[in-house]
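Each chain, letter by letter, is given below.
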Amino acid sequence: MNEFKHPRPLVVGVSGASGLIYAVRTLKYLLQAEYRVELVASKAAYMVWQAEEGVKMPADPEKQAQFWRDKAGVETGGFLRCHPAGDVGANIASGSFRTLGTLVIPCSMSTVAKLASGVSSDLLERAADVQMKEGRKLVIVPRETPLSLIHLRNLTTLAEAGVRIVPAIPAWYHQPRTIEDLVDFVVARALDQLEIDCVPLKRWKEDA
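The following paragraphs examine the structure supplied in this document. (Residues numbered from 1 in each chain as written. Predicted model: local features only at pLDDT ≥ 70, side-chain atom pairs only at ≥ 80, totals over all residues. Heavy atoms only, no water.)

### Points about the layout of surface pockets
Empty space among the atoms can be located by rolling a probe the size of a water molecule over them. One number sums up the size of the largest pocket: a volume of about 200 Å³. Lining the largest pocket, in full, are Met109, Pro142, Arg143, Glu144, Thr145, Leu147, Leu152, Leu155, Ile165, Pro167, Ala168 and Ile169. Classifying every residue of the lining of the largest pocket gives nine nonpolar, one polar and two charged. Computed from the structure, the second largest pocket encloses a volume of approximately 170 Å³. The wall of the second largest pocket is formed by 15 residues, among which Ser42, Ala44, Lys114, Asp122 and Glu125 lie closest to the centre. Listed by contribution, the elements that provide at least two residues to the lining of the second largest pocket are helix H2 (43–53), helix H4 (109–117) and helix H5 (123–133). Of the residues forming the lining of the second largest pocket, the biggest block, three residues, is contributed by H4. (1 Å grid on protein atoms, 1.4 Å probe; cavity = no way out; pocket = protein on both sides within 12 Å on 5 of 7 lines; lining within 4 Å. Points joined across faces, edges and corners; volume = space filled by probe spheres on them. Nonpolar A, V, L, I, M, F, W, Y, C, P; charged D, E, K, R; others polar. Helix = DSSP H or I, 4+ residues; strand = E, 2+ residues; numbered from the N terminus.)

Set out below in structure tokens:
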């Protein structure tokens, strides 16, 4: 495993929230930086791909890994393994499988609600729940607006449990010029919570 940036993988969960570009850009930078990624997409994520891009994401794990690589534009580099959402016996479902943590990007309010109530109905939710019970890092990137009182209470519950919450809200001080620039800011800030620095980002007064 010496060729990888870190011997332990990062679990990336992709829920059914709008904004799959956040997941694509996350994979782009992680794989380019030679990280190991264990990815699980919820059933709703398949529907979002169809709605946002008019494409069908393969269900077969190997074909899906190639699908994500094609979308991210990273043919080789790093390690990417995809898991079916229903495979609750996968490695990432166990606390004995050591990881760098879990990033759910984007994270739907349905996923937030289930995590806040301790419900694990699929592998994505189970993998995230495992991080909390093991005291590892869990970062979520909720993408919803406006937020109801129920949403806010669920997010507060997760924050109180130690979950890092990075809303999909870009900044402007880095002078973005493209949609990708706006997305990359959010991706970088989410990865910052996991102490992963692989996104080229102009940070506020960093040179100073």
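Next comes the rest of the account.
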